[in-house]
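Analysis of the macromolecular model
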Amino acid sequence: MSSTTPPHIDQPIEPAAPAQGAEQHGAGAHSDGGWDAPDKKIPVQTRSERFQSGDLEAFPTVTGREVNWKFAPLAKLQPLLDGGLDGSAYRFLARQSDGADVEWGRSDDPRVGTAGLPEDRAAAAAWTARDAVLAVTVKATEAHEFITITRSDFGTQPRAAHTVITAEPHAQGIVVLDNRGSALLSENIEIVVQDGARLTVVSLQDWDDDAVHVSTHFAEVGRDAFLKHVVVSLGGDVIRVNPSTHLGAQGADTEMYGVYFADAGQYIEQQVYVNHDAPNTRGRVNYKGALQGKGAHTVWIGDVLIGSAGDGTDSYEQNRNLVLTDGTRADSIPNLEIETGNIEGAGHASATGRFDDEQLFYLQARGIPEEEARRLVVLGFLVEVIQKIGAPELEERLIAAVEQELADGRSAVVAPAEADA
């Protein structure tokens, strides 16, 4: 185990990003003028065409009318959008095997930017503010390497963080980012899975009730490489985790899973993007969530793009939400863009509903009390995703956490018959 807080590392001055203009969309200005005004730009129609920059000033002020901000509670997120974040190094506790490294690097580390660039103001604010980079490396050994990084010392002031996770060619391993305590944090996490490597990355949000966390994940998956990406969101006030995966080499493969449980007044958002940009790539996205308590709100937006180079693509995404009480809201928006007809298959699905009455009847008919039957249904619904992690100790901890969520909100659970009365 190791715990470290390196000294402040100065942030070098980066070249300013070009201003957003006609070249962004490959079009020219209209002859009637005024095209450069923010409200006159041609809307971005394709997910991959969103503007990208590591410069905060290149992004306009967030108003809440933007497609990627329209659900978010901006008042709570505003400190992370204004800039001026503390991007210095922070304390963490690392547990790792011999073939894995965790070290602090300078803000100008050459690995920064290898997996992607910010697409929104929150990510750009964190990108601009970084003073140090946490570099995590999984080496190619005969063993299945593991790294667990526990972070619980961010405090309540606006913070920024930047992490780069690299799996070397043909490496195998799992990296767990275990987030706890209080936080007002915006961060960028880059994941590079080099050729032939197989990597699992788990982001666990088990924050205190006052935490506000915005996290953008960028992943680049190499030739015949595999990335399993898992987002688990349980504790916190506002959680917004947006992972994107670029399958830019032949045979690249990704499975992206998510499990979340929103309580009264809690906001949990995930915007997931898979870009099939090479032949014979495969993608699977499966996010599941449960909601209980007045004001519990979840948002899932799933974007899949099969580009013109994506011949032979096999892709599917789905989101399922289980509503346990009245007064909750689950927004679920799957999107699929296909630019080539030569694919193996593609599809998407979304559903939100209450308990399956037949499941409850089946369990109660066998002598299981209604309350216990409901607990078993919820666990069965969410455990399917939890068991995809492949780390038994962590899976047991998460199952226990879900059971605790159910116990804490048991008095608020409304039976379908009562809700319809």
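The preceding data block contains the structure.
Quick summary incoming for the structure in this document.

The rules behind each value
Residues numbered from 1 in each chain as written. Predicted model: local features only at pLDDT ≥ 70, side-chain atom pairs only at ≥ 80, totals over all residues. Heavy atoms only, no water. Helix = DSSP H or I, 4+ residues; strand = E, 2+ residues; numbered from the N terminus. Buried < 20%, exposed > 50% of the residue type's maximum accessible area, 1.4 Å probe, protein only. Contact = heavy atoms within 4.5 Å. Pairing = 2+ DSSP bridges. Axes fitted to C-alpha atoms, helices over the stretch in contact; angles between N-to-C directions. Polar contact = N/O pair within 3.5 Å; in protein donor to acceptor, adjacent residues only side chain to side chain. Phe/Tyr/Trp six-rings, centres within 6.5 Å; stacked < 30°, edge-to-face > 60°. Parallel < 35°, antiparallel > 145°, perpendicular 65-115°, else oblique. Left-handed = near helix turned anticlockwise from the far one by under 90°. Nonpolar A, V, L, I, M, F, W, Y, C, P; charged D, E, K, R; others polar.

1. Some details on the overall build of the protein chain
When you go through the protein chain residue by residue, the secondary structure sums to seven helices and 19 strands. Each of the 421 residues in the protein chain was classed as buried or not, and the buried ones make up 54%. Summarising the internal contacts of the protein chain: among those between residues at least 6 apart in sequence, 85% fall at separations of at least 24.

2. Overview of the sheet that holds strand 12 (residues 238–247)
One open sheet holds the nine strands; their spatial order is 3-4-6-8-10-12-14-16-18, and the pairing between them is mixed. The sheet is open, and its two borders are formed by strand 3 (100–106) and strand 18 (329–338), each paired with just one other strand. Strand-to-strand twist in this sheet, taken as the mean axis angle between neighbours without regard to direction, amounts to 10 degrees. Sitting on the sheet, helix 3 (residues 121–129) touches strand 6 (158–167), strand 8 (184–193) and strand 10 (212–221), and the angle it makes with strand 8 is about 85 degrees.

3. Observations concerning the environment of Asn 275
Structurally, the position occupied by Asn 275 is in strand 14 (residues 267–276). Note on Asn 275: relative accessible area 11%, which makes it buried. Each C-alpha atom of the pair Asn 275 and Gly 307 lies 7.4 Å from the other, and the pair is 32 residues apart in sequence. When near neighbours in sequence (up to four residues on either side) are disregarded, Asn 275 contacts Ser 48, Thr 245, His 246, Leu 247 and Leu 305. There is a polar contact of 3.4 Å between the side chain of Asn 275 and the side chain of Tyr 273.

4. A few points about the packing of aromatic side chains
Throughout the structure, instances matching the rule amount to eight aromatic pairs. A centroid spacing of 6.2 Å and a plane angle of 55 degrees characterise the contact between Phe 154 and Trp 207, whose relative ring orientation is tilted. Taken as a pair, Phe 154 in the loop between strand 5 (145–151) and strand 6 and Trp 207 in the loop between strand 9 (198–206) and strand 10 lie far apart in primary sequence, 53 residues in all. An identical accessibility class is assigned to Phe 154 and Trp 207; each is buried. An angle of 45 degrees between the planes, with centres 6.4 Å apart, marks the rings of Tyr 287 and Trp 300 as tilted. A residue pair is termed long-range when its members are at least 10 positions apart, and Tyr 287 in strand 15 (residues 282–291) and Trp 300 in strand 16 (residues 297–306) qualify at 13 residues. Across the pair, exposure class does not vary: Tyr 287 and Trp 300 are buried alike. One aromatic cluster in this structure is built from Tyr 90, Phe 92, Trp 104, Phe 154 and Trp 207.

5. Side note on the packing of helix 4 (residues 357–364) against helix 5 (residues 370–386)
Packing of helix 4 against helix 5 leaves a shortest axis separation of 9 Å and a crossing angle of 125 degrees. In this view, helix 4 runs oblique relative to helix 5, as classed from their interaxial angle. Pair helix 4 / helix 5 crosses with right-handed handedness. On helix 5, the residues touching Gln 359, Leu 360, Leu 363 and Gln 364 of helix 4 are Glu 370, Ala 373, Arg 374, Leu 376 and Val 377. Here the residues of the contact of helix 4 with helix 5 sort into five nonpolar, two polar and two charged.

6. Observations regarding the pairing of strand 10
The element strand 10 is extensively covered by neighbouring structure, given that nine of its 10 residues are classed as buried. Relative to strand 10, strand 8 runs parallel, the two being bridged by 10 bridges. Paired with Glu 190 across the two strands is Phe 218, which belongs to strand 10. Alignment of strand 10 against strand 12, held across 10 bridges, turns out to be parallel. Counted as the bridge partner of Thr 216 is Asn 242 from strand 12.

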